[in-house]
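Residues per chain are reported as follows:
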Amino acid sequence: MKPGIHPEYRPVVFRDRAADFAFLTRSTATSDKTVVWEDGSTYPVIDVEISSASHPFYTGTQRVVDTAGRIERFERRYGRGREPR
């Protein structure tokens, strides 16, 4: 890599306030806010709106779309196997 053109890659805490969940990872993202992590060190913190702790796909609370009901309703409304006019 060319020196001097890449952003600093360092430990950063990402925090999901809705789920009261935070994780420490490495990133080039920057922030003026800081937080003291479990190891006693201070890291920049970035607040995110959604994470694996609050996303419906990962938490198992996503809605299931009733496609069978939609198809049956369509067939009742418009008929199945009607002869074209």
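Residues numbered from 1 in each chain as written. Predicted model: local features only at pLDDT ≥ 70, side-chain atom pairs only at ≥ 80, totals over all residues. Heavy atoms only, no water.

Draft legend 1. Up close: the pattern of salt bridges. Tallying each qualifying case throughout the model produces 4 salt bridges. For the salt bridge of aspartate 47 with arginine 15, the shortest nitrogen-to-oxygen distance reads 2.7 Å. In this pair, aspartate 47 sits in strand β4 (residues 42–48) while arginine 15 sits in strand β1 (residues 10–16), placing the two residues 32 residues apart along the sequence. Overall, aspartate 47 belongs to the partly exposed group, its relative accessible area being 30%. As a salt-bridge pair, aspartate 47 and lysine 33 come within 3.2 Å of each other at their nearest N and O atoms. Of this pair, aspartate 47 sits in strand β4 while lysine 33 is found in the loop between β2 (21–27) and β3 (34–36), placing the two residues 14 residues apart along the sequence. In this structure, a network of salt bridges that share partners links the residues Arg15, Arg17, Lys33 and Asp47. (Salt bridge = Lys/Arg side-chain N within 4 Å of Asp/Glu carboxyl O. Helix = DSSP H or I, 4+ residues; strand = E, 2+ residues; numbered from the N terminus. Buried < 20%, exposed > 50% of the residue type's maximum accessible area, 1.4 Å probe, protein only.)

Draft legend 2. Representation of the pairing of β1 within the structure. Most of β1 sits inside the fold, with 6 of its 7 residues counted as buried. Inspection of the sheet shows β1 paired to β2 by 7 bridges, in the antiparallel sense. Each residue of the ladder has a partner; that of proline 11, found in β2, is arginine 26. Count of turn residues in the β1/β2 antiparallel hairpin: 4 residues, of which aspartate 20 carries a positive phi of about 50°. Looking at chain direction, β1 and β4 are connected through 4 bridges and run parallel. The residue bridging arginine 15 from the neighbouring strand is aspartate 47, located in β4. (Pairing = 2+ DSSP bridges.)

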